[in-house]
There are 4 protein chains.
Amino acid sequence: MADQHTPQQTRVAPDLPPKLAAIAHLFTDQMPFNRSLGLSIPYFTCDKVEVHFAMHEGLIGNPIQRILHGGVTASVLDVAGGLIAIANFLEKSDTMDQALLNKKLAKMGTIDMRVDYLRPGRGEHFVASAEVIRSGSRVSVCRMELHNEKGSQIAFGTGAYMMG
Amino acid sequence: MADQHTPQQTRVAPDLPPKLAAIAHLFTDQMPFNRSLGLSIPYFTCDKVEVHFAMHEGLIGNPIQRILHGGVTASVLDVAGGLIAIANFLEKSDTMDQALLNKKLAKMGTIDMRVDYLRPGRGEHFVASAEVIRSGSRVSVCRMELHNEKGSQIAFGTGAYMMG
Amino acid sequence: MADQHTPQQTRVAPDLPPKLAAIAHLFTDQMPFNRSLGLSIPYFTCDKVEVHFAMHEGLIGNPIQRILHGGVTASVLDVAGGLIAIANFLEKSDTMDQALLNKKLAKMGTIDMRVDYLRPGRGEHFVASAEVIRSGSRVSVCRMELHNEKGSQIAFGTGAYMMG
Amino acid sequence: MADQHTPQQTRVAPDLPPKLAAIAHLFTDQMPFNRSLGLSIPYFTCDKVEVHFAMHEGLIGNPIQRILHGGVTASVLDVAGGLIAIANFLEKSDTMDQALLNKKLAKMGTIDMRVDYLRPGRGEHFVASAEVIRSGSRVSVCRMELHNEKGSQIAFGTGAYMMG
């Protein structure tokens, strides 16, 4: 699980705007469960996010076939959806007082999520991507995809996210 | 994370029928990702399953509020749904040749799952339960719930599962 | 389709509190699509609602098997979920100014819904019921069920609803 | 509701392969509930389907805003998903005996569906499109979209469909 020892600065794209960089580091470094997944965020704008991770022993569901646990797939799709929901919210809240913004972010959460498992989770490297398809002042809806390094789509997701 | 060192025999109810016991041990002990969740299965029949786990550092999403990561919730609901889908299938396949049964089990998988996050995942001990609401020869649909030790419902799930 | 000519006063339980009665009549009588479904609401409190309807030619999907169209099932589950979401919101908004309340109700809508089709929609009379499982100030999540007159469960649903 | 009197031959694209034409006519003409929606199918291949319909009084949920009932949206998305699931199945079953094929088609059904309501259903003409994202021998998963004549996306859907 060498991936877990990657220096922090390489986990998140170095050229992100400060607000997005802060959110990205929060998700990759400060959430214990996400750290065990070994997530990195090489691409992150208000329109789209990419969350990368490498296969490692701890992510396996079926040990014989060495495929991702369905819960790992769901977890990473939820992370990608949450990130893009926050980014979209930040973009619309550009003039919002920072204290109010922090208060709203603290209450941010997933309302519901659907995951469609399209293919067995085989691969060495995985990319979860997400974009917003409903952008509301309090609720956003996002769609997410998980692909492996060969470009095969492993899962599809839809999630509704709430801001404070 | 003392829970991870609990002797194997206490992870699964000692009085299960052999087929259910084998499935329960497969999920608690042989799936690497499930081991890190620290799951135990104290109740398991063809009608209902209970999957227990204790809060520990590695399951936390929000470190300030110390609440479960949404991906952990999704993972455990998927485990509970998968277990009861298999048990229900085994009950209907009582006379099936063991070789065919194994082949079908190997292809067992989640088709899709919806998770509704009802309350923040606070607690020390959690119980995921599941039951079958559509019992088909190839596809079963299950509903799942997650409660904490105080009886507060944290999440609700619905999943469709396929057998070989 | 005699059901469509049932006098209006019998479509809604006669003893409802005025606010719930107004909502019930809005759904049964003033929404054109609902009128064609022939809905009645014999039970409606802040905790649970029942929406009844009778099979008629216009609701049929498969004409050979004479079963409900899946879209009818989805429609009625959505109506039941929407009704109980509104009732739950009204209960929490007891002291809210009527003008503000009306403004919020006008913006009420379904965010998303999942329907699980458990059995073919056979029957003469159907009952959709709904209850709230997450009760927020802006978003509620409801679960819904559809049974026929023999008590067979035909469908299960989960929906997220937003208020103003 | 002039649309309902459109001659049958214009409801379905005139140049479809016979098997797809038969399925298209089954959905547009022989399912009573679909007839009341006024559906036509101008595009239908094994990869993608388009289902068109015009706004009319009977499809309205909110009479003041004149927007589509959420149940209509769900119904049409389910129709589009079902059509493409069948087409995809037919393509893989090219050499299947017609009697067996008919038997399987008769048992075809929606397992579950999620609908995300992205914008109020305003418009004069609507297009539902669908494609298959998981193509199995028994279960297919489809994603569906609903747009109005201005190209605004009104809803997004995901559904799992079973064959015999």
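Everything that follows concerns the structure shown earlier in this document.
Parameters and conventions
Residues numbered from 1 in each chain as written. Chains lettered and ligands numbered in written order. Predicted model: local features only at pLDDT ≥ 70, side-chain atom pairs only at ≥ 80, totals over all residues. Heavy atoms only, no water. Helix = DSSP H or I, 4+ residues; strand = E, 2+ residues; numbered from the N terminus. Rg over C-alpha atoms; globule rule 2.2 N^0.38 Å. Areas by Shrake-Rupley, 256 points an atom, 1.4 Å probe, with all protein chains shown as cover. Lys, Arg positive; Asp, Glu negative; His and termini not counted. Charge placed at Lys NZ, Arg CZ, Asp CG, Glu CD. Pairing = 2+ DSSP bridges. Axes fitted to C-alpha atoms, helices over the stretch in contact; angles between N-to-C directions. Contact = heavy atoms within 4.5 Å. Buried area = accessible area lost by both parts, 1.4 Å probe. Salt bridge = Lys/Arg side-chain N within 4 Å of Asp/Glu carboxyl O. Polar contact = N/O pair within 3.5 Å; in protein donor to acceptor, adjacent residues only side chain to side chain. Buried < 20%, exposed > 50% of the residue type's maximum accessible area, 1.4 Å probe, protein only. Least-squares fit on C-alpha atoms with pLDDT ≥ 70 in both. Core = buried A, V, L, I, M, F, W, Y, C linked by side-chain atoms within 4.5 Å. Parallel < 35°, antiparallel > 145°, perpendicular 65-115°, else oblique. Left-handed = near helix turned anticlockwise from the far one by under 90°. Nonpolar A, V, L, I, M, F, W, Y, C, P; charged D, E, K, R; others polar.

On to the overall build of chain A, then. Counting its secondary structure elements, chain A contains four helices and eight strands. Listed by position from the N terminus, the elements making up chain A come as α-α-β-β-β-β-α-α-β-β-β-β. By the compact-globule yardstick of 15 Å for 164 residues, chain A fits well, its C-alpha radius of gyration being 15 Å. Along the longest, intermediate and shortest principal axes, the C-alpha atoms of chain A span 50 × 35 × 25 Å. As presented, chain A carries roughly 6,500 Å² of accessible surface, and 53% of it is formed by carbon and sulfur atoms. Treating the 16 positive side-chain charges of chain A as one cloud and the 16 negative ones as another, the clouds have centres 6 Å apart.

Moving on, we come to the sheet that holds strand β8 (residues 153-162) of chain A. Taking strand neighbours across the sheet as the criterion, the 12 strands line up as β1(A)-β2(A)-β6(A)-β7(A)-β8(A)-β5(A)-β5(B)-β8(B)-β7(B)-β6(B)-β2(B)-β1(B) in an open arrangement whose pairing is antiparallel. The open sheet has two free edges, formed respectively by β1 (40-44) of chain A together with β1 (40-44) of chain B, since each of these has just one partner strand. Across the sheet, the mean angle separating the axes of adjacent strands is 20 degrees when strand polarity is ignored. Inspection of the sheet shows strand β2 (residues 49-54) of chain A paired to strand β6 (residues 125-135) of chain A by six bridges, in the antiparallel sense. In the strand pairing of β6(A), A:Val49 is matched with A:Ala130. Strand contacts of helix α3 (residues 70-92) of chain B: β5 (109-117) of chain A together with β1, β2 (49-54), β5 (109-117), β6 (125-135), β7 (139-148) and β8 (153-162) of chain B, with the helix running at about 45 degrees to β6(B), the strand carrying the most contacts.

Between chain D and chain C, the residue contacts involve 29 residues of the former and 29 residues of the latter. Buried area between chain D and chain C, both sides added, is near 2,200 Å², and the carbon and sulfur share of it is 57%. Between the two partners, chain D and chain C, sit two salt bridges. With a shortest N-O distance of 3.1 Å, C:Arg114 and D:Asp112 are connected by a salt bridge. Along the contact surface separating chain D from chain C lie 14 residue pairs in polar contact (both at pLDDT 80 or more).

The next subject is the pairing of strand β8 (residues 153-162) of chain D. A regular strand places its side chains on the two faces of the sheet in alternate fashion. Residue and element names in this part refer to chain D. Extensive coverage of β8 is indicated by the burial of 10 of its 10 residues. Where strand β5 (residues 109-117) and β8 come together, eight bridges link them in antiparallel fashion. Counterpart to Asp116 in the pairing with β8 is Phe156. In this sheet, β8 lies alongside strand β7 (residues 139-148) in antiparallel orientation, the contact comprising nine bridges. Bridging from a neighbouring strand, Val141 pairs with Ala160 of β8.

When chain A is fitted to chain B, the residual RMSD is 0.0 Å, and the transformation amounts to a turn of 180 degrees plus an axial shift of 0.0 Å. The transformation just described matches what one would write down for a two-fold rotation axis. For chain A, the residue whose C-alpha comes nearest the rotation axis is A:Arg114, separated from it by 2.1 Å.

To continue, consider the relation of the copies chain D and chain C. Superposing chain D onto chain C takes a rotation of 180 degrees plus a shift of 0.0 Å along the axis, which leaves an RMSD of 0.0 Å. Comparing interface residues between copies, 100% of those in chain D also sit at the interface in chain C, which points to an isologous, same-surface contact.

A separate point is the nonpolar core. Formed by 100 residues in total, the largest nonpolar core has its most connected members in A:Phe44, B:Phe44 and B:Val51. Setting aside its immediate chain neighbours within four residues, B:Phe44 contacts B:Leu16, B:Leu20, B:Ile23, B:Ala24, B:Val49, B:Leu83 and B:Ala87.

A separate point is the packing of helix α1 (residues 18-29) of chain C against helix α3 (residues 70-92) of chain C. All names here are of chain C. It is at 11 Å that the axes of α1 and α3 come closest, and there the two elements cross at 155 degrees. Accordingly, the angle class assigned to the pair α1 and α3 is roughly antiparallel. With respect to the hand of their crossing, α1 and α3 are arranged in right-handed fashion. Each of Lys19, Leu20, Ile23, Ala24 and Phe27 in α1 lies in contact with α3, whose residues at this interface are Val79, Leu83, Ile86, Ala87 and Leu90. Residue composition of the contact of α1 with α3, grouped by class: nine nonpolar, no polar and one charged.

A separate point is the interface of chain A and chain B. Opposite the 29 residues of chain A that make contact, chain B presents 29 residues. Between chain A and chain B lies a buried interface of about 2,200 Å² when both sides are counted; carbon and sulfur atoms form 57% of it. Remark: the boundary between chain A and chain B carries two salt bridges. If you look at where chain A meets chain B, you find 14 residue pairs in polar contact (both at pLDDT 80 or more). Of all the secondary structure elements, the ones that give two or more residues to the side of chain A that touches chain B are α2 (32-37), β3 (60-62), α3 (70-92) and β5 of chain A. When residues of the side of chain A that touches chain B are assigned to their parent elements, the largest contribution, eight residues, is made by β5(A). Taken together, the residues of the side of chain A that touches chain B break down into 14 nonpolar, 10 polar and five charged. Here five bridges tie β5(A) to β5(B), and the two strands are oriented antiparallel to one another.

Let us look at the sheet that holds strand β7 (residues 139-148) of chain C. Strand order in the open sheet formed by 12 strands is β1(C)-β2(C)-β6(C)-β7(C)-β8(C)-β5(C)-β5(D)-β8(D)-β7(D)-β6(D)-β2(D)-β1(D), with antiparallel pairing between adjacent strands. The open sheet has two edge strands, β1 (40-44) of chain C together with β1 (40-44) of chain D, and neither has a second partner. On average, each strand axis in the sheet is tilted by 20 degrees relative to the strand beside it, whichever way the strands run. Against the sheet, α3(C) engages β1, β2 (49-54), β5 (109-117), β6 (125-135), β7 and β8 (153-162) of chain C together with β5 of chain D, with an angle of about 45 degrees to β6(C).

Keep in mind these numbers describe shape, not what the thing actually does.
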